[in-house]
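Residues per chain are reported as follows:
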Amino acid sequence: MSDFIRMSAAEVARGVNGAAFSASDVTDAVLAHVDAVDDRIGSYLTRLHDLARETARNVDARVKNGEKLPLAGVPVAVKDNMCLTGTRTTCGSKILENWISPYTGTAVQRILNAGGIPVGKANMDEFAMGSSCENSALGETRNPYDLDRVPGGSSGGSAAAVAAYEAAIGMGSDTGGSIREPAAFCNIVGFKPTYGRISRYGLIAFASSLDQIGPLTRTVEDAALAYEAMAGHDPMDSTSIDRQVEAASTALRTDLKGVRVGIVKEFVTENLGPEIHALYQQTYAELEKLGAELVDVSLPTADYGLATYYLIAPAECSSNLARFDGVRYGMRIEGADVGQMYEKTRAAGFGPEVKRRILIGTYALSSGYYDAYYVKAQKARTLFSQDFKRAFESCDLIASPAASSPAFRFKSKSDPYSMYMMDYYTIPMSLAGLPALSVPCGWVDGMPMGLQLAAPLFEEARLLGAAHAYEQATHHARRHEPKMLEVAS
Amino acid sequence: MNTASGPKAGGYEAVIGIECHVELKTKSKMFCACPNEFGGEPNTKVCPVCLALPGALPVANKEAIQHMIAAGLAFDAEIPAFSKFDRKNYFYPDMPKDYQISQYDMPLTQGGVVRYWLEDGTMKECRLTRIHLEEDTGKSTHAGSGDGRIAGSSYSLIDFNRAGVPLMECVSEPDIRSAEEAVGYLEALKRTFVQLGVSDVKMEEGSLRCDANVSIRPAGASEYGTKAEIKNMNSFRSVFRAIESEIARQISVVESGGRVVQETRGWDEVQGTTHTMRSKEQAHDYRYFPDPDLVPIEVDRATVERIKASLPLLPPQRFERYTKEYGLDVKQATQLIDNLALADYFDRAVAASKNPQQSMNFVLGDLSRLANESGTSVPESPVTPEHLAELIALVDAKTINSKIAKELLERMWNGQGSPKAIVEKEGLAQTSDTGAIEKFVDEVLATNEKAVADYKAGKTNILGFLTGQVMKQSRGKANPALVQELLQKKLS
């Protein structure tokens with residue numbers, strides 16, 4: 001049984017396609033494991049046992065029919081901001097607590113087409129706003145490596161599920177780091193492709209110009225497989241890119257010879273503490289040992305990342321979240337008139353972080369402030385793209401920490417700003433739309449840390465290839481098992 | 001329309017600008033694949049996108065963008081190479097996203113001129129500020145408030161069938177000076193959009209809705225007065241009445257020492273007056289910003305040139321041709337231009353007959369009468385413009401007289417084909433053979449002694465009767481002028 005749950009997506013697909021075992025066998029094992037551990041971890045807001053079994057039977061029938069499916073029988077955790085027909089899709093918010101999606105989004109559909117099995121809808125920070133999953137209004141998710149610590153966020157449920165073997169692939173969404181940071185916290189790989197690579201149709205929007213779906217997996221190879229299944233143009237999303245998706249899973253390499261890796265001089269790690277600083281120095285040395293040439297690059301705008309992000313993302317969210325008004329679906333609190341109904345519904349339905357960002361965004365777009373805030377932030381965003389373009393003239397990839405610290409304890413970040421700081425290293429890439437990932441790079445205090453690698457636009461294959469070389473040479477992730485497993489078994 | 005509020009009436013001049021929303025005729029809605037059709041059971045033409053379900057995304061309709069370009073080019077507007085969609089944010093229950101996708105500072109068309117004419121044939125111009133593309137909202141029905149308004153209602157029903165239908169908003173410069181001009185301007189928009197096929201422009205279905213900004217100033221002044229925005233006008237007739245009423249109201253406010261305040265006023269069709277809806281202080285901050293779900297629109301020059309080349313002959317050009325070249329009067333010209341299929345038919349008849357006046361007489365006269373009687377339109381009838389031209393040629397050559405022509409036309413209407421063929425086959429050609437006609441005249445004079453006596457006694461109007469008798473004898477073929485001439489000669 002445990003054999004199935006520990007298998008990578010690639011191993012499961014190989015086994016199912018080769019009739020060594022069936023999708024139903026894998027699914028039964030994973031569902032039993034979810035039932036055994038998830039009351040303690042809380043990865044899932046909704047477990048999809050019936051749908052998972054039904055899908056597994058269909059996959060087995062398709063395989064029997066001779067179809068070769070790249071994700072045949074692979075258990076998948078679907079972040080709860082992604083629509084899947086007939087499933088509760090909450091965004092971690094009270095306002096959508098009982099909303100059942102009547103349609104399936106493109107990325108989820110492509111995972112299903114590839115043979116993936118939806119195991120459950122994974123917890124998240126409300127509307128993907130947060131870095132710890134603590135902003136979920138509907139449940140707590142714990143870090144499988146230390147149940148007193150957060151799994152990261154906002155894709156914390158997907159990350160915890162993959163780390164705890166409750167799924168082989170977690171579908172996440174990343175707006176400013178929401179895939180990469182929880183991946184780092186949970187000792188797994190988290191990959192955000194180029195903005196527009198994977199359709200957003202059916203992804204409940206937080207900040208439309210930044211939101212990007214991507215996979216969370218235990219191996220780089222699995223990230224490549226999941227990416228290939230989801231990527232590609234979608235006529236339902238006009239921001240999706242109509243451009244050939246280069247094969248990534250067949251471009252995985254084992255060394256970094258000839259690869260120039262940029263180390264951003266503004267990303268000083270000394271102030272993260274001696275232990276973390278030492279860890280990243282060691283990480284960069286490991287890259288060098290694999291044949292990479294380390295080069296110094298500069299991102300002069302780096303320090304303006306948070307300020308820029310926290311104007312653009314809230315501005316877009318203030319408009320994107322207007323539709324949650326109690327009129328057509330979701331929560332409704334009646335009022336004396338329609339205006340009062342809006343106010344009461346939104347007051348009761350949204351949590352404090354969501355309200356804070358709606359307020360910031362509304363303010364930033366208001367007449368008289370628009371030019372000073374929103375327009376200025378857009379201009380700053382252009383500078384980020386230019387900075388990266390310049391930096392990539394002298395390097396092929398950029399390396400940095402994925403997060404400022406290892407996973408922290410619950411309720412330890414009481415002021416919003418210290419929480420926002422967790423995404424200091426990931427936000428610049430988001431602003432520039434670049435592909436970036438986090439891969440395990442070592443341990444601090446028994447908790448995992450992540451190396452962020454970023455590539456120029458559309459260079460996903462290069463990025464995954466290099467990450468694979470690093471992963472295979474170091475195997476940092478294998479050093480520790482999730483603690484909860486010792487408890488459960 | 002004679003108006004009290006024409007230019008400089010009572011020492012005041014009205015300054016009017018018009019904003020109107022026109023639903024575009026497209027196969028699907030603006031941002032989704034739902035059909036763009038009027039009516040239907042409520043909430044049957046909806047999908048995740050136009051219902052703004054969580055996670056749904058808009059994709060712009062190419063056909064709508066092409067319609068916009070055609071509309072702009074028809075008014076000589078500039079079509080910028082780059083345009084974008086913006087979100088207009090405000091909460092309203094029948095607007096599913098609680099923002100409207102519209103265009104703020106980079107519309108698809110900028111500038112342009114609408115040329116139109118008044119009933120007396122005067123040509124007028126009104127500059128356009130812009131035409132921009134946006135989406136329509138759903139439709140609310142409020143119950144329990146008595147007057148159908150949301151205030152005081154106990155519940156509301158919303159039909160989202162119309163939500164997401166493409167709309168173009170045409171904003172005019174304040175170049176209009178009277179209610180009559182306002183209607184002339186709107187008629188020009190209507191006939192142009194219908195001709196381009198970009199909209200059906202049916203006010204009763206809400207596919208054209210307009211607001212008017214009205215102010216007054218002393219005649220000859222160059223400063224604008226304070227304007228009021230008039231809403232709720234649902235026909236061209238009500239536009240005319242509302243503007244007349246508003247101008248009169250503003251004049252009386254000023255005359256009695258008051259000041260016009262900037263506000264939105266609703267037109268009350270029953271009362272025939274406008275009333276305050278909301279003042280400027282309640283104006284919204286719409287927090288416009290570029291819609292991040294939609295990529296900017298890049299309009300390539302080749303597309304613009306292709307659309308430009310495909311534009312039909314436009315109403316002002318037709319009007320010039322009809323009135324100046326063909327000598328039609330304003331009413332006749334307008335009647336044809338407002339019935340485009342008929343105008344095209346007319347043009348083909350003129351091309352074949354080279355006789356605009358006769359073509360117009362037949363098209364607006366006998367043919368339109370036959371069309372009314374039969375319920376078939378002229379262009380759809382069996383009478384082709386080429387056959388009509390044959391008929392006109394037969395009359396022009398005096399081969400047949402007008403009576404035969406009328407009979408032939410009815411037979412052509414009933415599908416008997418070429419009038420020339422009928423005339424040849426049945427020997428219906430008019431005769432000017434004096435000998436033959438004289439024979440008929442003699443017979444008639446011989447058998448109508450009393451009439452002859454009456455004529456000679458001074459009742460000269462009996463000549464008509466005698467002419468008729470001769471025509472009858474000739475089975476209509478005799479040249480009536482010749483018949484009269486011979487009769488008069490024989491009777492004198």
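Computed from a prediction, not measured in an experiment: that's the story for all the values here. (Residues numbered from 1 in each chain as written. Chains lettered and ligands numbered in written order. Predicted model: local features only at pLDDT ≥ 70, side-chain atom pairs only at ≥ 80, totals over all residues. Heavy atoms only, no water.)

Draft legend 1. Spatial organisation of the pattern of salt bridges. Under the counting rule described, the total for this entry stands at 55 salt bridges over all chains. The salt bridge partner of Glu23(B) is Arg209(B), with a shortest N-O separation of 3.4 Å. Linking Glu23(B) in strand S1 (residues 12-23) with Arg209(B) in strand S11 (residues 208-218), this pair joins segments that are 186 residues apart in sequence. Overall, Glu23(B) belongs to the buried group, its relative accessible area being 12%. With a relative accessible area of 27%, Arg209(B) lands in the partly exposed category. Put simply, Asp200(B) and Lys25(B) hold a salt bridge, and the shortest N to O gap is 3.3 Å. One end of the pair, Asp200(B), is in the loop between helix H2 (179-196) and S11; the other, Lys25(B), is in the loop between S1 and helix H1 (62-74), with 175 residues separating them in the sequence. The network of salt bridges with common partners includes Asp35(A), Asp38(A), Asp39(A) and Arg47(A). (Salt bridge = Lys/Arg side-chain N within 4 Å of Asp/Glu carboxyl O. Helix = DSSP H or I, 4+ residues; strand = E, 2+ residues; numbered from the N terminus. Buried < 20%, exposed > 50% of the residue type's maximum accessible area, 1.4 Å probe, protein only.)

Draft legend 2. The domain arrangement of chain B, seen in detail. Its domain assignment divides chain B into domain 1 (9-305), domain 2 (339-426) and domain 3 (434-491). Distance from the C-alpha centre of domain 2 of chain B to the C-alpha centre of domain 3 of chain B: 30 Å. (Domains from an automatic or database assignment.)

Draft legend 3. How the structure looks around the sheet that holds strand S6 (residues 212-217) of chain A. All names here are of chain A. Strand order in the open sheet made by the eleven strands is S1-S3-S2-S4-S6-S5-S10-S11-S9-S7-S8, with mixed pairing throughout. Because the sheet does not close on itself, it has two edges, and the strands there are strand S1 (44-47) and strand S8 (293-297). Across this sheet, the average inter-strand angle for adjacent strands is 30°, counted without regard to direction. Sheet topology note: the strand S10 (residues 436-444)/strand S11 (residues 447-454) ladder contains eight bridges and is antiparallel. Within S11, the position partnered with Gly442 by the bridge is Met449. Each of S1 and strand S3 (117-122) touches helix H4 (residues 49-64); the most contacted strand, S3, lies at about 155° to it. (Pairing = 2+ DSSP bridges. Axes fitted to C-alpha atoms, helices over the stretch in contact; angles between N-to-C directions. Contact = heavy atoms within 4.5 Å.)

Draft legend 4. Region of the structure containing the packing of helix H6 (residues 330-337) of chain B against helix H8 (residues 356-374) of chain B. Residue and element names in this part refer to chain B. Running from N to C, H6 and H8 point in directions that differ by 65°, and their axes come no closer than 12 Å. Viewed along their axes, H6 and H8 adopt a mutual orientation that is roughly perpendicular. Viewed along their axes, H6 and H8 form a crossing whose handedness is left-handed. Here H6 contributes Gln332, Gln335 and Leu336 to the contact with H8, which in turn contributes Met360, Val363 and Leu364. Of the residues in the contact of H6 with H8, the class split is four nonpolar, two polar and no charged. (Parallel < 35°, antiparallel > 145°, perpendicular 65-115°, else oblique. Left-handed = near helix turned anticlockwise from the far one by under 90°. Nonpolar A, V, L, I, M, F, W, Y, C, P; charged D, E, K, R; others polar.)

Draft legend 5. Representation of unusual backbone geometry. Residue and element names in this part refer to chain A. Put simply, Gly153 and Ser154 share a cis peptide bond, and its omega is 5°. With respect to the helices, strands and loops of the structure, Ser154 is situated in the loop between S3 and helix H6 (156-163). Residue Ala19 is not a glycine yet carries a positive backbone phi of 60°. Looking at the secondary structure, you find Ala19 in the loop between helix H2 (9-17) and helix H3 (23-41).

Draft legend 6. Looking closely at a nonpolar patch on the surface. Residue and element names in this part refer to chain A. A cluster of nonpolar side chains, Tyr363, Tyr369 and Tyr373, forms an exposed patch at the surface whose accessible area comes to about 280 Å². Here Tyr363 shows up in helix H12 (residues 352-365). A relative accessible area of 41% places Tyr363 in the partly exposed class. (Patch = residues over 30% accessible without salt bridge, like charges linked within 9 Å, V, L, I, M, F, W, Y side chains within 5 Å. Areas by Shrake-Rupley, 256 points an atom, 1.4 Å probe, with all protein chains shown as cover.)

Draft legend 7. Representation of the environment of Gln386(A) in the model. As for its placement among the helices and strands, Gln386(A) is situated in helix H13 (residues 371-391). Here the alpha-carbon distance between Gln386(A) and Ala432(A), two residues 46 residues apart in the chain, equals 8.5 Å.

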